[in-house]
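Structure assessment
Here is how the chains run, residue by residue.
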Amino acid sequence: MPLKLTSLAVLLLLAACSTTPPYQAPSLPTTASAFKESGLWQTANPQASAVPDDWWLLFDDPVLNGLQTQVGQNPNLQASAAQIRVAQAALGSSRAALSPTLGAGLAATRSAAPTSPAANSVALTGSASWELDLWGRLSGAVTGDQARVQASQDDLAAARLSLQATVAQTYFSLRAAEAQSALLERSVQAYQRSLELTQNRYQGGVASADDVAQAQTQLKTTLAQRIESDSSRAQLEHALAVLLGLAPSAFSLPRTAVLPATPDIPDQVPARLLERRPDIAAAERRVAAAYAQIGVAQAAFFPALTLSASAGYKGSSLANLVSAPNLLWSVGPALALAAFDGGLRQSTVDSARASTDAATASYRLTVLTALQEVEDNLVVAGSLQQEAALQTEALAAANRSLEIVKNQYQSGTVSYLNVVVAQATALSSERSLLDVQNRRLAATNQLLKNIAGRWDAPS
């Protein structure tokens, strides 16, 4: 009895051992305490966090809100969701390896030898086996698969966030193309009136044939630009349909030619918002999975202990098979260890360590990229806000200049070339303003994506 207790204590002690190195999350690849473009930001530690699913409401556009409710039909998003199920199935397999395996069998044979008559044999057996997780190989596999499940879930959140931002940006570009087309249509009407006026003046001997040619050139050029804007708008509508998992022929949006208002970026945007980024959380979970794989690889250097037992009945017929004379059983441990493998196990450990280094480097790159994206879009959004104000003033000045030149032309004090130049300047200024507004929407949209959808810090 003391020997049995000692053996049991040894087994329990061995079962508590693990070859998996302790995991420590990689440090952030920055020593700065604040972002370059916003001194109020503070360095964050990335961790998994739920991504808000309604950040686009900041743009206050009912049509955009409706589009965002349909993103679940996107095939890429559905593929990411399937990857979660794949990871969960792998986790289930790893957990199953920690449990005993039970089996049962029923066999019937008839055999004969040259010196003996044919005989029947019937066997009913049951078996059980259980591999003790002495060195943490099985539990390490479970830990790694758990991390991979979490990484897959974060991948899905990142894919959804990216898709939502792409839908928003495509929608903004579509509305900008509509606004450009509407502007060009108004310009076409104005240029048509200018052409008619110039033709009348030419017939009256006041304007030259060159004035008429310039008016026609301006009109035709603007008509071509309008066709191009309409084509861009159609392609953007097709892109939106595919993003929503729909055929382009089954999707259409009514024209509004109105861009949503750009929400103002608050003066204080805390860096803790990076904790919400699912791509950072996914990268960190892959580092954890890689660390667990080192332990699994190192455990191969130690023997595997399996406890097994079997019992059953064997006789010449089914009648009275289950009886004491036909009973057979066996029980005992099995210890297995590869004595020589040509360096295979060491190579596996080296590969696991290299994979861990690669996962750590990938994590650090993900964080650096996130920091750059935030910095870039903070600069762009702020610059475009100022640019939009200046471009609005430039458009107002161009329109005033156009009115003055048109009056001068009608009074005969300037040539039509002056009108053409003033009209082109006014049209260019208004198109530039629309472009700035669209780019500002894009920058704000990207910034929201970069900080996972909210200005406010997580509680």
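Our subject in this report is the structure included herewith.

1. Looking at unusual backbone geometry
The phi torsion at Asp-60 lies on the positive side, around 50°, for a residue other than glycine. Within the element layout of this structure, Asp-60 appears in the loop between helix H1 (2–15) and helix H2 (62–68). Notably, Ala-257 is not glycine yet its phi reads approximately 55°, a positive angle. Of the residues examined, Ala-257 reaches a relative accessible area of 29% and is grouped as partly exposed.

2. What about the side chain of Asp-61?
On the secondary structure map, Asp-61 appears in the loop between H1 and H2. For the buried Asp-61, no salt bridge is present, and the opposite-charge side chain at shortest range is Arg-175, 5.3 Å distant. Among the polar contacts made by the side chain of Asp-61, one reaches the side chain of Tyr-171 at a distance of 2.9 Å. In contact with Asp-61, not counting residues within four places along its chain, are Tyr-171 and Pro-260.

3. Remarks on the sheet that holds strand S4 (residues 327–336)
Strand order in the open sheet made by the 4 strands is S1-S2-S3-S4, with antiparallel pairing throughout. Only two strands of the sheet have a single neighbouring strand rather than two, namely strand S1 (101–113) and S4. Strand-to-strand twist across the sheet, computed as the mean angle between neighbouring axes with direction ignored, equals 20°. Where S1 lies against strand S2 (residues 116–132), 12 bridges are found, and the strand directions are antiparallel. Looking at S2, one finds that Gly-105 is bridged to Thr-125.

4. With respect to the nonpolar core
Residues Trp-55, Leu-67, Val-167 and Leu-240 are the most contacted members of the largest nonpolar core, which totals 49 residues. Secondary structure elements with two or more residues in this core: H2, helix H3 (75–96), helix H4 (137–203), helix H5 (209–243), helix H7 (344–410) and helix H8 (416–450). Residue contributions to this core peak at 16 residues, all from H4. If near-sequence neighbours (up to four positions away) are discounted, Leu-240 is found in contact with Leu-67, Val-167, Thr-170, Tyr-171, Leu-174, Phe-251 and Leu-253. With 14 residues, the next largest nonpolar core counts Leu-274, Ala-283, Leu-371 and Leu-378 among its residues.

Reading the values: the criteria
- Residues numbered from 1 in each chain as written.
- Predicted model: local features only at pLDDT ≥ 70, side-chain atom pairs only at ≥ 80, totals over all residues.
- Heavy atoms only, no water.
- Helix = DSSP H or I, 4+ residues; strand = E, 2+ residues; numbered from the N terminus.
- Buried < 20%, exposed > 50% of the residue type's maximum accessible area, 1.4 Å probe, protein only.
- Lys, Arg positive; Asp, Glu negative; His and termini not counted.
- Salt bridge = Lys/Arg side-chain N within 4 Å of Asp/Glu carboxyl O.
- Polar contact = N/O pair within 3.5 Å; in protein donor to acceptor, adjacent residues only side chain to side chain.
- Contact = heavy atoms within 4.5 Å.
- Pairing = 2+ DSSP bridges.
- Axes fitted to C-alpha atoms, helices over the stretch in contact; angles between N-to-C directions.
- Core = buried A, V, L, I, M, F, W, Y, C linked by side-chain atoms within 4.5 Å.

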